[in-house]
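Reading the structure
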Amino acid sequence: MLELSDVSVAFEGTRAVDGVDLRVADGDVLAVLGPSGCGKSTLLRAVAGLEPATGTIAWDGADLRGTPTHRRGFALMFQDGQLFDHLTVARNVGYAQRLRGLSRAAVRAEVGDLLDLVGLSGYAERLPRTLSGGERQRVALARSLAAKPRLLLLDEPLSALDAGLRVRLAADLRRILVESGTTALLVTHDQDEAFAVADRLAVMRAGRIVQEGPTAEVWAAPADPGTAAFLGYPHVLREDAAATLLRLAGRPPVPGAVVAVRASAVVAGPGEGQPATVRSFRLTPDGARLVVDVDGVGPLDGEGVPGWTAAPGERVAVRVDGGGVALLTPDASGS
Ligand code: ADP
Ligand code: MG
């Protein structure tokens, strides 16, 4: 397994990566999630041996300091696949096997299996420029796996794709990593990508890991308001507002609770519910999005019941779904 302790990388005195401790167990997929510029690529490059770092980066207990990139047994995959444009899909994917000196028949068989795995059987003779962005990333993934890396490093592998495709390919990427038993470290700024692909999540901010754990647990209990905001909770409530919201969500009271609320948890409409005043209302292809000033709570982002519209100033009823409400870790909630 991969183990990082107190890893830092400094550029001209500023620390792009600052005292990072992380472990990736064999067969696990860990996503490092953080905003642009927080040091994700630098961290990945340090693991790959492309960036000098202090601290310890070890594999199965052996310190990798002094082991050059090509001897680490890791593969790197980027946002823009970096395929060889003049080579067919099969030759791109088979590149590492040819380097390993496999026979032509063995290479063909392995490439066929890999193309099946990534859902591209029948694409062997195509050239990269004839492929869509999603197909190119599948080829890049097959090529990375062909090297049989003991660790796959993925730098925003889906970020260049449009939103719908990104979500589909994220689910595929997870299946492919699990089926091939690949240990992977993925870095991304995209929370959907991290959620769909990874077993474990590490949230990174300004060079530091601020929270780490099983993906669902991190989502259910962000460490602090900054992490909650980054994980897509637009509002963090305290004191009376927090207590009222917990009650509306049907959750037991927690003294001193700091509560984060997703827009999807706040559903406004006619009928029964907590009274609220509409501040803004807008229709989207996925339904109505609004801001409501909820009595006893204050302003919240929410969604409208399907087929219903409302105007600013209108009194409406709000229901709160406990599933989209998170309790922040109490000792960090003051930050
Ligand atoms: P991310 O991948 O999270 O967007 P990066 O790791 O690329 O972030 O960058 C982290 C910080 O380090 C940024 O402030 C960036 O400008 C800086 N940085 C990255 N590479 C270099 C470099 N080679 N020289 C100087 N500063 C760099
Ligand atoms: Mg980056």
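In this text the structure is predicted, and so the values were computed from the model without any measurement.

Some thoughts on the domain arrangement of the protein chain
Along its sequence, the protein chain is carved into domain 1 (2–222) and domain 2 (228–328). Taking only C-alpha atoms into account, the centre of domain 1 sits 37 Å from that of domain 2. On the side of domain 2, nine residues touch domain 1, which itself brings 11 residues to the contact. Summed over the three residues of domain 1 that lose the most area to domain 2, namely Gln-191, Trp-219 and Pro-222, the buried surface amounts to 61% of that side. The interface formed by domain 1 and domain 2 holds two residue pairs in polar contact (both at pLDDT 80 or more) in total. In terms of residue count, helix α8 (residues 215–220) provides more of the side of domain 1 that touches domain 2 than any other element does, three residues in total.

Things to note about the pattern of salt bridges
For the structure shown, the criterion picks out 16 salt bridges. As a salt-bridge pair, Arg-45 and Glu-51 come within 2.9 Å of each other at their nearest N and O atoms. Relative accessible area serves as the criterion here: at 32%, Arg-45 is assigned to the partly exposed category. As a salt-bridge pair, Asp-224 and Arg-205 come within 3.4 Å of each other at their nearest N and O atoms. You can see Asp-224 sitting in the loop between α8 and α9 (225–230) and its partner Arg-205 sitting in strand β9 (residues 200–205), a full 19 residues away along the chain. For Asp-224, a relative accessible area of 9% puts it in the buried group. Residues joined by salt bridges that share partners form a network here, namely Arg-15, Asp-18 and Arg-208.

So, how was this worked out
Residues numbered from 1 in each chain as written. Chains lettered and ligands numbered in written order. Predicted model: local features only at pLDDT ≥ 70, side-chain atom pairs only at ≥ 80, totals over all residues. Heavy atoms only, no water. Domains from an automatic or database assignment. Contact = heavy atoms within 4.5 Å. Buried area = accessible area lost by both parts, 1.4 Å probe. Polar contact = N/O pair within 3.5 Å; in protein donor to acceptor, adjacent residues only side chain to side chain. Helix = DSSP H or I, 4+ residues; strand = E, 2+ residues; numbered from the N terminus. Salt bridge = Lys/Arg side-chain N within 4 Å of Asp/Glu carboxyl O. Buried < 20%, exposed > 50% of the residue type's maximum accessible area, 1.4 Å probe, protein only.

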